Amino acid sequence: MAEVTISRIAELLGDEAEYLLEHKCTTIPKELLHLPGPDFVDRVWKDSDRNPRVLRAMQELFNTGRLAGTGYLSILPVDQGIEHSAGASFAPNPIYFDPENIVKLAIEGGCNAVATTFGVLGAVARKYAHKIPFILKLNHNELLSYPNTYDQVLFARVKDAWNMGCVGVGATIYWGSPESRRQLQEISEAFSYAHELGMVTILWCYLRNNAFKVNGVNHETAADLTGQANHLGVTIEADIIKQKLPTHNGGYKALNTGSSSYGKLDERIYTELSTDHPIDLTRYQVANCYMGRCGLINSGGASKGKDDLRDAVRTAVINKRAGGMGLISGRKAFQRPMKEGVELLHAIQDVYLNPEVTIA
């Protein structure tokens, strides 16, 4: 596939091209951000409490794949075999029942790393752990218990990741759920041990609670609430935050209607720190990641078929222009033939490689 040029990016964005590519952020200035770059580990992490082994693992991530040397990340995550069931996830492309093909897609796709489950990585660790950085996803939500419930439980140990040569571990916390306090304690302890062993930590910083759905609007992707989730994530020393792209704002306000009282808010969140523009909403997420000291990688989202390439490029443009660190995109890549999945991953990476896609 040919490099995705700025004209091709604009073509894919369609009616949103000028809206996204020419936007000027007047909320949180880019000068306040710690932006990705070739020197990110030296510039941002050198003076932290992360030990030299963690810094080396970070640098290995940044030095791998098509984005090597840029400070940006393109990660292939495949945990849907557990999270969404293997049959539902791999029916569109059954080759991914075989763990080796997941790793092959990440390598062929030019990714910085592959993030997947204990069994997948363990099945091929001796063959591939030295060829592409491994990130072991430690906990999952399983959908076989009846009735279905939503809780992230540990499937693996941090030491398992270290033993198979992983450079990092990942985990999910469902912020706002009844189980979130237990998950917070478990993952805080796991991340501390991972750092001790010299591994990078990535937190899937998701909101989950039916109460977040108010008057038909799902505020699990509201900028104010996801921003606070990010802030909680970096507080337990997640080095990188994975978050869904924000779709709107005003989650706190919606949950404070009627007689309810929820959280704390300041009107300046909505009037000065953000607007309704997707780049400004995402910049608020970046700001809550210690102004970009901890990189924000947005989720690629579900596969919707023919619009996947456009949606992936759109998300990459928003993330990059907001000051984010990259994308972690799985279903759009693996739920199609491998060649097409590789092309989609390359298209995402080309957004970060293109100097004409600037920081807003």
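Calculation criteria
- Residues numbered from 1 in each chain as written.
- Predicted model: local features only at pLDDT ≥ 70, side-chain atom pairs only at ≥ 80, totals over all residues.
- Heavy atoms only, no water.
- UniProt positions renumbered as here; feature names shortened; annotations may be inferred.
- Buried < 20%, exposed > 50% of the residue type's maximum accessible area, 1.4 Å probe, protein only.
- Helix = DSSP H or I, 4+ residues; strand = E, 2+ residues; numbered from the N terminus.
- Pairing = 2+ DSSP bridges.
- Right-handed = clockwise from strand over helix to strand, strands pointing away.
- Axes fitted to C-alpha atoms, helices over the stretch in contact; angles between N-to-C directions.
- Contact = heavy atoms within 4.5 Å.
- Polar contact = N/O pair within 3.5 Å; in protein donor to acceptor, adjacent residues only side chain to side chain.

Going by an unreviewed UniProt entry, the protein carries the name fructose-bisphosphate aldolase and comes from Rhodothermus marinus. Within the UniProt record for the protein, the comment given under Sequence similarities (unreviewed entry) is "Belongs to the DeoC/FbaB aldolase family. FbaB subfamily."

Participant: What is the right way to look at the pairing of strand S7 (residues 200–207) in this model?
Facilitator: Both faces of the sheet carry side chains from a regular strand, because those side chains alternate between them. Judged by how many residues are buried, S7 sits mostly within the fold: eight of eight residues are covered. A two-sided burial pattern is seen for S7, the buried positions comprising Val 200, Ile 202, Trp 204 and Tyr 206 on one face and Thr 201, Leu 203, Cys 205 and Leu 207 on the other. Bridge count between strand S6 (residues 168–175) and S7: eight bridges; the pairing is parallel. Directly across from Thr 172, in S7, lies its bridge partner Trp 204. Taken together, S6, helix H9 (residues 180–197) and S7 form a β-α-β motif whose crossover is right-handed. Bridge count between S7 and strand S10 (residues 240–243): three bridges; the pairing is parallel.

Participant: Can you walk me through the sheet that holds strand S11 (residues 295–299) in this structure?
Facilitator: The pairing of strands in a sheet comes from backbone hydrogen bonds and takes either a parallel or an antiparallel form. Overall, parallel pairing links the eight strands, which are arranged S1-S2-S3-S6-S7-S10-S11-S12 in a closed barrel. The average undirected angle you get between the axes of adjacent strands in this sheet is 25 degrees. Both S11 and strand S12 (residues 326–328) contribute to a ladder of three bridges, which runs parallel. Bridged to Ile 297 within S12 is Gly 326.

Participant: Would you mind going over helix H13 (residues 278–287) with me for this structure?
Facilitator: In an α-helix there are 3.6 residues to a turn, and that puts residues three or four apart on one side. Burial of H13 is extensive: ten of the ten residues sit out of reach of the surface. Taken together, the buried positions of H13 are Pro 278, Ile 279, Asp 280, Leu 281, Thr 282, Arg 283, Tyr 284, Gln 285, Val 286 and Ala 287.

Participant: What am I meant to see in helix H6 (residues 99–108) here?
Facilitator: H6 sits mainly inside the fold: seven of its ten residues count as buried. Of the surrounding elements, those touching the buried residues of H6 are strand S1 (73–78), strand S2 (113–116), helix H7 (118–128), strand S3 (134–137), helix H15 (331–334) and helix H16 (338–353). Sitting at the head of H6, Asp 98 places a side-chain oxygen 3.0 Å from the backbone nitrogen of Glu 100. Positive backbone phi, at 70 degrees, marks Gly 110, one or two positions downstream of H6.

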